Amino acid sequence: GEDVEQSLFLSVREGDSSVINCTYTDSSSTYLYWYKQEPGAGLQLLTYIFSNMDMKQDQRLTVLLNKKDKHLSLRIADTQTGDSAIYFCAEKNSGAGSYQLTFGKGTKLSVIP
Amino acid sequence: GAGVSQTPSNKVTEKGKYVELRCDPISGHTALYWYRQSLGQGPEFLIYFQGTGAADDSGLPNDRFFAVRPEGSVSTLKIQRTERGDSAVYLCASSISGLRDTQYFGPGTRLTVL
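Residues numbered from 1 in each chain as written. Chains lettered and ligands numbered in written order. Predicted model: local features only at pLDDT ≥ 70, side-chain atom pairs only at ≥ 80, totals over all residues. Heavy atoms only, no water.

**Things to note about the layout of surface pockets**
Defined as follows: Of the two site types, the cavity is a set of points on a 1 Å grid over the protein atoms alone where a 1.4 Å probe fits but cannot get out, and the pocket is an open set with protein on both sides within 12 Å along at least five of seven lines, each lined by residues with an atom within 4 Å of a point. Grid points are joined across faces, edges and corners, and a volume is the space filled by probe spheres set on the points. Under the scheme applied, nonpolar residues are Ala, Val, Leu, Ile, Met, Phe, Trp, Tyr, Cys and Pro; charged residues are Asp, Glu, Lys and Arg; polar residues are all the others, including Gly. The helix and strand labels rest on DSSP assignments: H or I over at least four residues marks a helix, E over at least two residues marks a strand, and numbering proceeds from the N terminus.
Estimates place the volume of the largest pocket at around 610 Å³. Lining the largest pocket are 32 residues; nearest its centre among them are Gln37(A), Gly40(A), Gln37(B), Leu39(B) and Arg110(B). Looking at the lining of the largest pocket, its residues break down into 14 nonpolar, 14 polar and 4 charged. For the second largest pocket, the calculated volume is near 350 Å³. Lining the second largest pocket are 18 residues, and of these Thr102(A), Phe103(A), Pro43(B), Glu44(B) and Phe45(B) sit closest to its centre. If you list the elements that add at least two residues to the lining of the second largest pocket, you get strand S1 (4-6) and strand S10 (101-103) of chain A together with strand S5 (44-50) of chain B.

Have a look at this one:
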């Protein structure tokens, strides 16, 4: 079955870049997503990438996809204290039929002022 | 426009009781999903509706869990004979249709079974 793995914690200093990594096992993944969850809140979509792309940039966010290694990363430039949250990587499999998302356990990003 | 809304935001119940959790999707979204997020975990898929029908209920853990969407808009997740292990945040998401469309999540209902 599908599996999505992320490291659980990341700590960076304010102003530095953050890189959150994710690996997935399902080779038929079509879309890969990054969601942000702040304490007590729902999931906020940050960005997504289609599997035929290898990079996507959106303001401070850069997503890199290595489809051969099934590795996805999210880079946040100039990290701010407001970026402190849990970041979830998720993949959508077109073969699943229901387009359900499979999530990793999340990476807790702590930004040190 | 309004996002996905869920009520109640918190629900505390006793073991063995019945609960209903409501989801109001974004207007015009035909696809609706329920996920469950346990403490320290990512959300896990429960059930998917396309319109009024449950197109995929493979994630429901057992027959105590049931969901409906009678008019293709609001959905209710129903849990019978609740158990302490059902305690989690129940998230609802909706999307315009299917594969290409992004899922937008509601704030969730935190269910605590005592």
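**Some words on the interface of chain B and chain A**
One frequent convention defines the size of an interface as the accessible area lost when the parts assemble. Heads up, the condition is: Contact criterion: two residues are considered in contact whenever any of their non-hydrogen atoms come within 4.5 Å of each other. Joining two parts hides part of their accessible area as seen by a 1.4 Å probe, and the buried area is that hidden amount summed over both.
On the chain A side, the residues contacting the 21 residues of chain B number 22 residues. Between chain B and chain A lies a buried interface of about 1700 Å² when both sides are counted; carbon and sulfur atoms form 57% of it. Listing elements by their share of the side of chain B that touches chain A, those giving two or more residues are strand S4 (31-37) and S5 of chain B. Per-element accounting of the side of chain B that touches chain A gives the leading share, 3 residues, to S4(B).

**Structural notes on the sheet that holds S1(A)**
All names here are of chain A. The following threshold applies: Strands are treated as partners if at least two bridges between them are detected by DSSP. Every axis corresponds to a line fitted to the C-alpha atoms, with the helix fit spanning only the stretch in contact, and the corresponding angles, defined between N-to-C directions, vary from 0 to 180 degrees.
Here 5 strands make up an open sheet; going across it, the order is S1-S3-S8-S7-S6 and the pairing antiparallel. Each having just a single partner strand, S1 and strand S6 (55-58) make up the two edges of the open sheet. Averaged over all pairs of adjacent strands, the angle between strand axes in this sheet comes to 15 degrees, irrespective of strand direction. Bridging between strand S3 (residues 18-24) and strand S8 (residues 71-76) involves 6 bridges; their strand directions are antiparallel.

**What to know about the nonpolar core**
Stated precisely, the cut-off is as follows: Side-chain atoms within 4.5 Å are what join buried Ala, Val, Leu, Ile, Met, Phe, Trp, Tyr and Cys residues into a set we call a nonpolar core. Buried means the residue's accessible area, taken with a 1.4 Å probe over protein chains only, is under 20% of the maximum for its type, while exposed means over 50%, and partly exposed covers the values in between.
By size, the foremost hydrophobic cluster in this structure holds 20 residues, and its most contacted members are Trp34(A), Leu72(A), Leu74(A) and Tyr87(A). Secondary-structure elements contributing two or more residues to this core are S3, strand S4 (29-37), strand S5 (43-50), strand S7 (61-66), S8, strand S9 (85-93) and strand S11 (107-112) of chain A. Formed by 19 residues, the second largest nonpolar core is a distinct cluster that contains Val4(B), Phe49(B), Ile79(B) and Cys92(B).

**A closer look at the environment of Thr102(A)**
As for its placement among the helices and strands, Thr102(A) is situated in strand S10. Between the alpha carbons of Thr102(A) and Cys89(A) there is a distance of 8.5 Å; along the sequence they are 13 residues apart.

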